[in-house]
Amino acid sequence: MEVKTANFEKLDTPATITVSGAEAVIKCLLEEGVETLYGYPGGAIMPIYDELYKYQNEIHHVLTRHEQGATHAAQGYARVTGKVGVAMATSGPGATNLVTGIADAQIDSTPLVCITGQVGSHLLGSDAFQETDIVGISTPVTKWNYQITNAAEIPEVMAKAFYIARSGRPGPVLIDITKDAQFAALEYNYKKCAGIRSYKPTPKVDPIQIEKAAEAINSAKKPMIVFGQGVILGVAEDLLKQVIEKSGVPAAWTILGLSALPTDHPLNVGMVGMHGNYGPNVLTNECDVLIAIGMRFDDRVTGNLDAYAKQAKVIHFEIDPAEIDKNVKADIPVLGNVNETLKLLLGHLKENKHDAWHNEFKKHYEIEYEKVIKNDLNAERGMIGMAEVIDEINTCSKGDAVVVSDVGQHQMAACRYTKFNQTRSNVTSGGLGTMGFALPAALGAKMGMPNREVVAVIGDGGYQMTIQELGTIFQTKAKVKIVLLNNGFLGMVRQWQQLFFDKRYASTEMVNPDFVTIAKGYHIKTNQVTERGQLKDAVKEMMEADEPYFLEVKVEKEENVFPMVPTGASVSDILLE
């Protein structure tokens, strides 16, 4: 994609003015409505930071303690607000430290614009101090990237970056700017990008496919919906609810689709996938029509593809043509933004109920309740279970909190048991599975939604990967509530070792520090729960605190998360114990 192929809309801006490249970057951010950005300064980005200093009343810069923290914080901000998150770093290690967060944003379709400084253009390719080819490194994990060596390009490239990041299927964009381009003068005039000749972010909807989909749904005896984050990204939550209620089709969700439909909705049948609910997994292989909405048939959802929904007619509502037939063959592909396609579908659907089919989900839930859920929430067993902690958070939040989970067993417990009333409330690392995601992402989420309670649920392994961001929370005074579920293990890996490697716990037991003392060192209010009788009051105190709060809960060391679809198995072969 060449910059010159873009179409731009002129905004009501002053006449052309002469500014430095660095100031142009800040002005571009303001034109795009950026109010908060996350970053870490250094030599190659210093001119932009110098200009940012002059605009600190207009843009709030958050100094994270690591560049990876900046990208995760920007992700958290983007996920709860729907806006483009912005992160900034210097060249070399600063830029490479962004890559994990960028890769996470790419696979989870999170809109980010990352700005990196670069050595002077005359030094490119010379192995200069802190020179790294970040454009080459980030190409596989960005939606688009570009290196600016000429200051005059800055307004057009920045406009294009924001357009690409937020349009169609969102994703991360990286703009690398050489130091001389930051210092150089340019005639500044901003025009917002309105389209790019070679880039069609939203496919044209085919009404015939809509009619075919409606016909298949209307005639189905055992239809089932699986919805993903595409519903949230397309702002189609209300349409999804209308489709479900009119058609009477039971609806299950992927972990990134969680919160698009209220947890207690009578047609919400739970989570699909490796640690999903028993009913929606087993009945995937019994439904006659499978309606996938804004999801990509990830391997954690499908299990063994050779044994996945072979009996069903598959309808796939999707904005990205590359996802159609990638993993699961679609009998009826419906391309387009789900906000548009579901609206059209609604007019063709017949009223239905499918009571007998719903009873199948209820029967399977009862089995799962007896085998798994009752035990998970059992207040009479030995040590505290992860689900018990989540249940206490539900009691206090009444389903209105934003819950940001890290990666591991606690993530699955949080997704399985958290109650949500509002959309954009479940923030987690889905496709990449990035340990260390939750703490900085919760910071960003709280800044994006300051009037909502934000709870980070983290394991002792992932917590220590970005524990330094406690410093950012302390400095910003962001009222994040941090719940550390400490089992002294890398729990998910340990579970696999127990089940599939004869309990050889190779390098998974953690010798942990005094987490309470560390949090106190950052002047964050703390508490620790070691006995079940302390849990209720401790969670209540944390949720009512008008300040950042750290709560460590010592949970059962060798607790396992069930149900579970073993690797390579069919979703029908899900284990309950």
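Residues numbered from 1 in each chain as written. Predicted model: local features only at pLDDT ≥ 70, side-chain atom pairs only at ≥ 80, totals over all residues. Heavy atoms only, no water.

Further remarks concern the overall build of the protein. Helices and strands together make up the secondary structure of the protein, namely 23 helices and 22 strands. Over its C-alpha trace the protein gives a radius of gyration of 24 Å, about what one expects of a compact globule, namely 25 Å for 577 residues. When its C-alpha atoms are laid out on the principal axes, the protein stretches across 70 × 60 × 40 Å. Across the 577 residues in the protein, those meeting the buried criterion constitute 60%. Looking at the protein alone, contacts between residues at least 24 apart form 77% of all its contacts between residues at least 6 apart. When the accessible area of the protein is evaluated, it comes to approximately 22600 Å², of which 50% is carbon and sulfur surface. In the protein, 55 side chains carry a positive charge and 70 a negative one; their mean positions are 3 Å apart. (Helix = DSSP H or I, 4+ residues; strand = E, 2+ residues; numbered from the N terminus. Rg over C-alpha atoms; globule rule 2.2 N^0.38 Å. Buried < 20%, exposed > 50% of the residue type's maximum accessible area, 1.4 Å probe, protein only. Contact = heavy atoms within 4.5 Å. Areas by Shrake-Rupley, 256 points an atom, 1.4 Å probe, with all protein chains shown as cover. Lys, Arg positive; Asp, Glu negative; His and termini not counted. Charge placed at Lys NZ, Arg CZ, Asp CG, Glu CD.)

This part takes up the nonpolar core. The biggest cluster of nonpolar side chains holds 80 residues, and the ones touching the most others in it are Phe227, Ile293, Ile315, Phe317, Leu342 and Leu345. Composition of this core by domain shows at least three residues from each of domain 2 (207-361) and domain 3 (382-554). In this structure Phe317 touches Ala213, Ile291, Ala292, Ile293, Gly294, Val334, Val338, Thr341, Leu342 and Leu345, once residues within four positions along its chain are discounted. Formed by 47 residues, the second largest nonpolar core is a distinct cluster that contains Val62, Val99, Val402 and Ala478. (Core = buried A, V, L, I, M, F, W, Y, C linked by side-chain atoms within 4.5 Å. Domains from an automatic or database assignment.)

Helices that pack against each other are described as a pair by the angle of their axes relative to one another and the distance between those axes. The contact between helix H16 (residues 386-397) and helix H23 (residues 532-544) brings their axes to 9 Å, and the two run at 40 degrees. Looking at the two axes, H16 sits oblique to H23. The way H16 lies across H23 gives a crossing that is right-handed. Across from Glu388, Val389, Glu392, Ile393, Cys396 and Ser397 in H16, the residues of H23 making contact are Arg532, Leu535, Lys536, Val539, Lys540 and Met543. A breakdown of the residues in the contact of H16 with H23 according to their chemical character gives six nonpolar, one polar and five charged. (Axes fitted to C-alpha atoms, helices over the stretch in contact; angles between N-to-C directions. Parallel < 35°, antiparallel > 145°, perpendicular 65-115°, else oblique. Left-handed = near helix turned anticlockwise from the far one by under 90°. Nonpolar A, V, L, I, M, F, W, Y, C, P; charged D, E, K, R; others polar.)

By convention here, two paired aromatic rings are described through the distance between centres and the angle between planes. Summed over the entire model, instances satisfying the criterion amount to eleven aromatic pairs. Ring centres of Tyr463 and Phe550 lie 5.7 Å apart, and the angle between their planes is 20 degrees; this geometry places the pair in the stacked category. Of this pair, Tyr463 sits in helix H19 (residues 460-463) while Phe550 is found in strand S22 (residues 549-554), placing the two residues 87 residues apart along the sequence. Tyr463 gets classed as buried once you look at its relative accessible area, which sits at 1%. On the basis of an interplanar angle of 80 degrees and a centroid distance of 5.9 Å, the ring pair of Trp496 and Phe500 is categorised as edge-to-face. (Phe/Tyr/Trp six-rings, centres within 6.5 Å; stacked < 30°, edge-to-face > 60°.)

It is worth spelling out the sheet that holds S22 at this point. In spatial order, the strands read S18-S17-S19-S20-S22-S21; together these six strands make up an open sheet with parallel pairing. Two strands close off the open sheet at either side, each with one partner strand: strand S18 (426-428) and strand S21 (525-529). Going from strand to strand, the sheet's axes swing by 15 degrees on average, the running direction of each strand aside. Both strand S17 (residues 402-405) and S18 contribute to a ladder of three bridges, which runs parallel. Paired with Val404 across the two strands is Val427, which belongs to S18. With respect to the sheet, helix H17 (residues 409-417) is in contact with S17, S18, strand S19 (454-459) and strand S20 (481-486), its orientation differing from that of S19 by roughly 140 degrees. Helix H18 (residues 438-448) contacts S17, S19 and S20 of the sheet and is inclined by roughly 175 degrees relative to S19. (Pairing = 2+ DSSP bridges.)

Here the focus is the side chain of Glu131. Counting through the fold element by element, Glu131 comes out in the loop between strand S6 (112-118) and helix H6 (134-138). Here the side chain of Glu131 touches Gly125 through a polar contact of 2.6 Å, landing on its backbone nitrogen. A polar side-chain atom of Glu131 sits 3.4 Å from the main-chain amide nitrogen of Ser126. The contact partners of Glu131, leaving out residues within four places of it in the chain, are Gln118, Val119, Leu123, Leu124, Gly125 and Ser126. (Polar contact = N/O pair within 3.5 Å; in protein donor to acceptor, adjacent residues only side chain to side chain.)

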